Structures are given as structure tokens and as C-alpha cells.
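What follows is each chain in one-letter form.
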Amino acid sequence: MNAKAHTNLQLDAASFRAIADLAYRESGLTLVEEKATMIQSRLRQRLRALGLSNFQDYCTLIGSDDGHTERRHLISALTTNVSHFFRESHHFETLATVLENRLPHLRAGGTMRIWSAGCSNGQEAVSALITLLEHAPEVANLDLRILGTDIDPKVVAFARAGVYPDRLMGGVSDALRAKYFTNANTADGEAEYATNEMIRRMIRFNELNLLGQWPMARPFDLILCRNVVIYFDAQTQAALWPRFRKVLKSDGLLFLGHSERISDPARFGFDCTGPTTYAPLA
Ligand SMILES: C[S@@+](CC[C@H](N)C(=O)[O-])C[C@H]1O[C@@H](n2cnc3c(N)ncnc32)[C@H](O)[C@@H]1O
């Protein structure tokens, strides 16, 4: 099939429904019909890669036992991965206060654990760590670690590589860039910056579906789950809040994105302590 024929591929209503149902079941993503054109254009690339000539065949593949790999590609194609460094900066100011309270514990050999849940390409986790290092450089030698997780294997691989093209470096001042990044390469005329060894040592990135099992053994001091649940319906969100509550320390905090809320937080064991900031109720 030639390229023109591929651009003519139409996502019919039944295929849209099958894809939307699967995305919801597998990842919690709620696909609305208004987004069908965007979804069609993203998935045409998958059909092209597979040499398929219609969406019905694509649905047969993703619905089959052999469709596991393609289901991962599908979720990856459907996720929205936009992020940037120091996004919603008020949370990073709060983070510096959290660290201030935790420093005596850390200095006494204690731990501090942070989870960037739905971390996309890692900018959120890196921003959190830079904030902490700027506030107290000694944390580089204390037991502080950040975990970044995402359902999309592509962004997890990107975050692990830690190499950011110039266009993704917005929000990072020249001084911070010089301190925490090294000049990697120039790709297609654009400079690239790699996170330095210290950043890589203190952050781990893993694939994790928020709807699946969470293998983490120890509770977190802070969870950032920002601009993720906006793609979930109320039922999926409501199922997540108690799970976050369970893996947060009793004096921990949960940060959500600017347009996300826990409605009736007390019902889920949370108190809203600041803008999109939640603390477990005693
Ligand atoms: C818009 S990005 C937000 C990135 C970052 N937290 C921020 O605020 O800049 C949303 C991320 O959530 C991830 N995501 C969506 N559904 C998920 C799920 N069920 N489990 C884990 N991550 C998910 C997407 O892959 C995407 O990278």
C-alpha cells in the first residue's frame, strides 16, 4: 500500500469504540469521540508500520492473544506526554519546605523517597531533584532517591537516557544547565544536554501502569502525579486515591496537576493543604 492510500485510512465508528474500550481497560485512558481525528492520525502510523490496510484488521490484532506488543504500541501512541522542566513551580517551592523538615532525619541516616507517577520524559523528576540539590547540596550524599514511572515505554527509555534537545530545556536557567547537565551532542543542528552522573544516580525510571500492581515496598515522602489523572474518568480517579494514600507516609504529600482535584478528599483519607496539594488525614 502506498503512502497516499494510508492517509486515506478511515477510523470507522466500530473500530474507534473497540480501541477506546481497550485503552480504557488497559490504561484508564478515556478517549472521547471528539478526539477521533487525532487518534486516527496517530494510529495510521502504526498501521503503516504493520503494513495493515484498514482499522478493522488493526482491531483484530490488538484484540488477539498475539497482540500484546501492539497493545503497548497502541497505548504509547495514545498517551499525551507533554511535560516541561519546573512545570507548576509552586510545587517545587513546597518541595523545598518538605526537604527542610526531612533534613534532620536524612542527616541521621534516614531515607527520603519521592515518586513521579506518570513521569513522561523525566523532566518532572529531574526538576524535583535539582530543587532538592539546590536547596541542600548535601542530599547528594544522603539516602534520597526519586522514582519516575510511566506506562509508555518510549518515554521511560527517553527518561533513562536523560538526553534533552535544546527545545525541551525551557525552564532550566543557564546556571542550572551548566551545573546539572553536560553538552551531549548536536543532533540535526540542535544542541542536546545530558543529565549529569549525580542526577542519573539518584533517579530511577521504570515502566509502570498506574492501574496495575505497584511493586514498591517502602512508603513515599512525596508523590507527584500531575497532569495524568486528567485523562481518567471519575471512577478510575476514585480508585487511585486510596492507593496513593496507602503508599504515602503519614506526613507525606501528594501533588496533582493544576486542573486536577480530589473531590471530597476526606472520603479518601486526604486533606487539601494547598493548591493541588494533599496530605493524609491522621
Ligand atoms: C501529560 S504527561 C504528564 C507528565 C508530568 N507528570 C507533568 O506533569 O509534566 C502524562 C503522562 O501520564 C502517563 N500515563 C497515562 N496513563 C497512565 C497509566 N495508566 N499509568 C501510568 N502512566 C500513565 C502518560 O504516558 C504520560 O507520559
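Residues numbered from 1 in each chain as written. Predicted model: local features only at pLDDT ≥ 70, side-chain atom pairs only at ≥ 80, totals over all residues. Heavy atoms only, no water.

(A) Here's a closer look at the sheet that holds strand S5 (residues 190-195). Pairing is antiparallel across the open sheet formed by three strands, whose spatial order is S3-S5-S4. Because the sheet does not close on itself, it has two edges, and the strands there are strand S3 (163-165) and strand S4 (181-187). If you compare each strand with its neighbour and ignore which way they point, the axes differ by 30° on average. Pairing geometry for S3 and S5, over three bridges, is antiparallel. Counterpart to Val163 in the pairing with S5 is Ala194. (Pairing = 2+ DSSP bridges. Helix = DSSP H or I, 4+ residues; strand = E, 2+ residues; numbered from the N terminus. Axes fitted to C-alpha atoms, helices over the stretch in contact; angles between N-to-C directions.)

(B) Up close: unusual backbone geometry. In this model, Ser120 sits at a positive phi of 50°, which is unusual for a non-glycine residue. Residue position: Ser120 is located in the loop between strand S1 (111-117) and helix H7 (123-135). Backbone geometry places Asp264, a non-glycine residue, at a positive phi of 55°. Its place among the elements puts Asp264 in the loop between strand S8 (248-256) and strand S9 (270-274).

(C) Representation of the layout of surface pockets in the model. For the largest pocket, the calculated volume is near 410 Å³. Along the walls of the largest pocket sit 26 residues, with Thr80, Asp150, Asn227, Val228 and Tyr231 positioned nearest its centre. Residue composition of the lining of the largest pocket, grouped by class: 11 nonpolar, 11 polar and four charged. (1 Å grid on protein atoms, 1.4 Å probe; cavity = no way out; pocket = protein on both sides within 12 Å on 5 of 7 lines; lining within 4 Å. Points joined across faces, edges and corners; volume = space filled by probe spheres on them. Nonpolar A, V, L, I, M, F, W, Y, C, P; charged D, E, K, R; others polar.)

(D) Just the pattern of salt bridges, in detail. Tallied over the full model, the rule gives 15 salt bridges. Notably, a salt bridge pairs Arg17 with Asp21, separated by 3.3 Å at the nearest N-O pair. Placement of the pair is Arg17 and Asp21 together in helix H2 (residues 13-27), with a separation of four residues, close to one helical turn. On the basis of relative accessible area, Asp21 is assigned to the partly exposed category, the value being 35%. Glu26 serves as the salt-bridge partner of Arg71, at 3.7 Å between the closest nitrogen and oxygen. Taken together, the positions of Arg71 in helix H5 (residues 68-78) and Glu26 in helix H2 put the pair 45 residues apart, joining distant regions of the chain. Residues joined in a network through salt bridges with shared partners are Arg102, Asp221, Lys249 and Asp251. (Salt bridge = Lys/Arg side-chain N within 4 Å of Asp/Glu carboxyl O. Buried < 20%, exposed > 50% of the residue type's maximum accessible area, 1.4 Å probe, protein only.)

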